[in-house]
Amino acid sequence: MPKTYDSLLEQIEGLLTGQDYWVADLANAAACLYHGLRDLNWIGFYIRRGDELWLGPFQGRPACTVIPFGKGVCGTAARARRPIVVPDVNEFPGHIVCDPASRSELVVPIVRGDNVLAVIDADSPLLNRFTDADLNGMCKIAEVLADRVKWDIL
Ligand code: SME
């Protein structure tokens with residue numbers, strides 16, 4: 001049964017290690033989101049390294065490893081430091097295909113100050129899957145992860 005974003009947040013916060021081991025925190029967050037939200041075929045993190053986003057913990061099929069800033073939905077959201085909801089990926093110029101099953105997408109940057117640390121990328125096999133409730137809920141999760149994960153070792 002799908003979970004609310006409030007209960008997902010509670011679950012994700014409960015699993016945070018509080019240690020310098022961001023990979024465990026993000027891996028558990030990806031698993032909670034994948035299993036807690038309906039109609040996703042991929043969800044995970046791309047981690048900022050310089051001017052690129054590198055594949056981090058995720059659930060779903062194998063995905064592209066590196067996305068330059070400004071490219072695809074992820075790179076565009078990272079450069080703008082703003083979330084992007086894509087109702088139909090075929091209508092987004094420059095969308096990068098990882099899993100051809102993906103029809104709609106939500107990307108939310110994880111930001112501290114002016115610094116993009118990572119993005120959360122969610123893909124659905126359904127058109128127009130992501131609502132305002134998803135956008136708001138995922139932004140809240142991104143804020144908590146920005147504050148609570150020990151990103152300094154990146
Ligand atoms: N579609 C993304 C690429 C990442 S995969 O969907 C996992 C994009 O255009 O940035």
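Relevant structure appears above.
Residues numbered from 1 in each chain as written. Predicted model: local features only at pLDDT ≥ 70, side-chain atom pairs only at ≥ 80, totals over all residues. Heavy atoms only, no water.

Attention shifts here to the packing of helix 1 (residues 5-15) against helix 4 (residues 132-148). The contact between helix 1 and helix 4 brings their axes to 10 Å, and the two run at 20 degrees. When the interaxial angle is binned, helix 1 and helix 4 end up roughly parallel. For helix 1 against helix 4, the interelement crossing comes out right-handed. Together, Y5, L8, L9, I12 and E13 of helix 1 and A133, D134, G137, M138, K140, I141, V144, L145 and R148 of helix 4 make up the contact between the two elements. (Axes fitted to C-alpha atoms, helices over the stretch in contact; angles between N-to-C directions. Helix = DSSP H or I, 4+ residues; strand = E, 2+ residues; numbered from the N terminus. Parallel < 35°, antiparallel > 145°, perpendicular 65-115°, else oblique. Left-handed = near helix turned anticlockwise from the far one by under 90°. Contact = heavy atoms within 4.5 Å.)

For the rest of this paragraph, the subject is the site of the ligand. Among the 13 residues in the neighbourhood of the ligand, the closest are listed as V73, C74, I96, C98 and D123. One of the side-chain N or O atoms of H95 is found 3.3 Å from a nitrogen atom in the ligand. At 2.7 Å from an oxygen atom of the ligand is found a side-chain nitrogen or oxygen belonging to D123. The fraction of the free accessible surface of the ligand (310 Å²) that becomes covered by protein chains is 99%. Residue assignment for the shell around the ligand shows that the elements contributing at least two residues are strand 1 (42-49), helix 3 (72-80) and strand 6 (115-124). A per-element tally of the shell around the ligand places helix 3 first, with three residues. Residues that form the shell around the ligand fall into these classes: eight nonpolar, two polar and three charged. (Near = heavy atom within 4 Å. Polar contact = N/O pair within 3.5 Å; in protein donor to acceptor, adjacent residues only side chain to side chain. Areas by Shrake-Rupley, 256 points an atom, 1.4 Å probe, with all protein chains shown as cover. Nonpolar A, V, L, I, M, F, W, Y, C, P; charged D, E, K, R; others polar.)

On to the sheet that holds strand 3 (residues 66-68), then. Across the sheet, six strands lie side by side as 3-2-1-6-5-4; this open sheet has antiparallel pairing. In this open sheet, the two strands that pair with only one neighbour each are strand 3 and strand 4 (84-86). Direction aside, neighbouring strands of the sheet carry axes that sit 25 degrees apart on average. Across three bridges, the pairing between strand 4 and strand 5 (residues 104-112) is antiparallel. In the strand pairing of strand 5, I84 is matched with V107. Running over the sheet, helix 2 (residues 22-36) touches strand 1 and strand 2 (52-60) and is turned about 50 degrees from strand 2. (Pairing = 2+ DSSP bridges.)

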